[in-house]
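# Secondary and tertiary structure notes
Residue-level listing of the chains:
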Amino acid sequence: MLIRRILGHHGPRLPAGLTHTVEGVLVGRGARRAAVGVALALVGLAAASPVGAQTVPRRFEDQPAYGLELEPHLVAGIADPPGPGTAQGAGVGVRGSFVVSRDGFINEVNDSIAIGFGLDALHYRGQNGSLYGRCVRRQPGPGGTSVCTEVDVPGGPRNYLFIPAVMQWNFWLRPQWSAFVEPGLAVFLTNRGLGAAPSLSVGGRMQISDTFSLVFRLGWPTTTLGVSVRL
Amino acid sequence: MAVVNLTAMPITSTPQQPPGLNRGLVRLFLPILLLGGLVLSSSCRGDGGCQRGQLCECSGGTDCYLGCDGDGCDQTCFSANHCGAVCGNDCSHTCHDVNDCTSDCGDDCNVSCHTNMSCGAFCGARCVYECSNVTTCGVRVGPASTVTCSQVNSCTVECKGSCQVQCLNVGSCNVTCADGSAAVSCGGNTVACGPC
């Protein structure tokens, strides 16, 4: 119902399963912010793809033919990450998106579906952290001592490794421009262990050659800017 | 009446040209991407709230464990039950008036542990470690390090390379060299792994 309300009764009709998927990833931390983002994206997409519009290619023959999009990118965490980290983070990563269908969910729109997997390493600086914390790892030292080798400081800086798995729903709007929505799941690893969180991104790509594109992705937990290679 | 011979006209298709590789844009963008990646992916060994060059002090209470967001932290801990500091390279750690104090530090560190029950440390190359007025002192240091134990009941030092250990008024001074060789006496209460 959330997606239906966002799109209104004149927007494209989405399959019920997908609606539930998108709504499902909105539940949790940052849900309201993510909902606003995806609402804006979907409203924009709905406005860009009305029935009868002449500027939108309708056939998947108009899409670039590729099987895998490989995308190294810079990564930013612009909001608190899931797990123990706080504040903003930055790092590098890579994403691989495999096209699973060149015909997407909406018949009237030139859309396609890909499945994406990635690896993103970020360092979050933390904020309002105490200067001291607790010892979380010790090793036996010389002379019977036990040396603390890792300190966990609440609110302190942390390193994250994200492993996102997403469904990439592409909209091929113009020969050089396309947009996408990516609901999915992000597994993350920190010094405190393993976790998982829903992820949601909206993005776009600008084709700069037959093979290369600039790709921007705004979302949570990560936002990226990179160059993709279609293979 | 002019007759246009259509067959004589060259038939040329005008397919949409694929956009050529914007080399200027790529040349601009890729170095920025690579440089940004290098800067952002610089490793951080510590995991605490102390920043490079910052004096971080902890006192009182039960536990005082200080981390460092990378290298170059100045960490001090005193008057607590348990103290510890974890840091990257080029750090200094002072610890006194606690039950036990430990240090885990990279290269080029300077550690002073005094007036405590026990001191323990892992320290990298070129470490300068001072242990005084302590019951038990156990230190593992990297190459080119210097350890001083004074007024200590038991001083145990493991050298992972060349090192010099000075024991002053020490009940038991044990120096172990990583290559299995025996520490040599350099005179003046100093023993060494490698040359004096």
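Cut-offs applied
- Residues numbered from 1 in each chain as written.
- Chains lettered and ligands numbered in written order.
- Predicted model: local features only at pLDDT ≥ 70, side-chain atom pairs only at ≥ 80, totals over all residues.
- Heavy atoms only, no water.
- Phe/Tyr/Trp six-rings, centres within 6.5 Å; stacked < 30°, edge-to-face > 60°.
- Helix = DSSP H or I, 4+ residues; strand = E, 2+ residues; numbered from the N terminus.
- Buried < 20%, exposed > 50% of the residue type's maximum accessible area, 1.4 Å probe, protein only.
- Patch = residues over 30% accessible without salt bridge, like charges linked within 9 Å, V, L, I, M, F, W, Y side chains within 5 Å.
- Areas by Shrake-Rupley, 256 points an atom, 1.4 Å probe, with all protein chains shown as cover.
- Salt bridge = Lys/Arg side-chain N within 4 Å of Asp/Glu carboxyl O.
- Core = buried A, V, L, I, M, F, W, Y, C linked by side-chain atoms within 4.5 Å.
- Pairing = 2+ DSSP bridges.

## Things to note about the packing of aromatic side chains
Each aromatic ring pair is summarised here by two numbers: the centre-to-centre distance and the angle between the ring planes. Residues and elements named next belong to chain A. With the rule as written, the count across this model stands at 7 aromatic pairs over all chains. Ring geometry for Y66 against W172: centres 6.2 Å apart, planes inclined by 70°, an arrangement best described as edge-to-face. Note that Y66 is positioned in the loop between α3 (31-48) and β1 (68-77) and W172 in strand β6 (residues 158-172), a separation of 106 residues in sequence. The class of Y66 is buried, set by a relative accessible area of 9%. Note on W172: relative accessible area 6%, which makes it buried. With centroids separated by 5.3 Å and ring planes inclined at 90°, the aromatic side chains of F105 and W169 adopt a geometry described as edge-to-face.

## Notes on a nonpolar patch on the surface
All names here are of chain A. Residues L70, V94, L119, I163 and L231 make up a contiguous nonpolar surface patch of about 410 Å² in total accessible area. Within the secondary structure layout, L70 lies in strand β1. Take L70: its relative accessible area is 37%, and that puts it in the partly exposed class.

## Concerning the nonpolar core
Ranked by internal contacts, the top residues of the largest apolar core, which has 43 residues, are Y129, V141 and C149 of chain B. Within the residue set of this core, elements represented by two or more residues are β1 (55-59), β2 (63-66), β3 (74-86), β4 (92-104), β5 (110-122), β6 (128-141), β7 (145-159) and β8 (163-177) of chain B. Counting 11 residues, the second-largest nonpolar core is a separate cluster that includes I106, V109, I113 and V181 of chain A.

## Things to note about the pairing of β7 of chain B
Note that β6 of chain B and β7 of chain B share 12 bridges and pair parallel. Directly across from V141 of chain B, in β7 of chain B, lies its bridge partner C159 of chain B.

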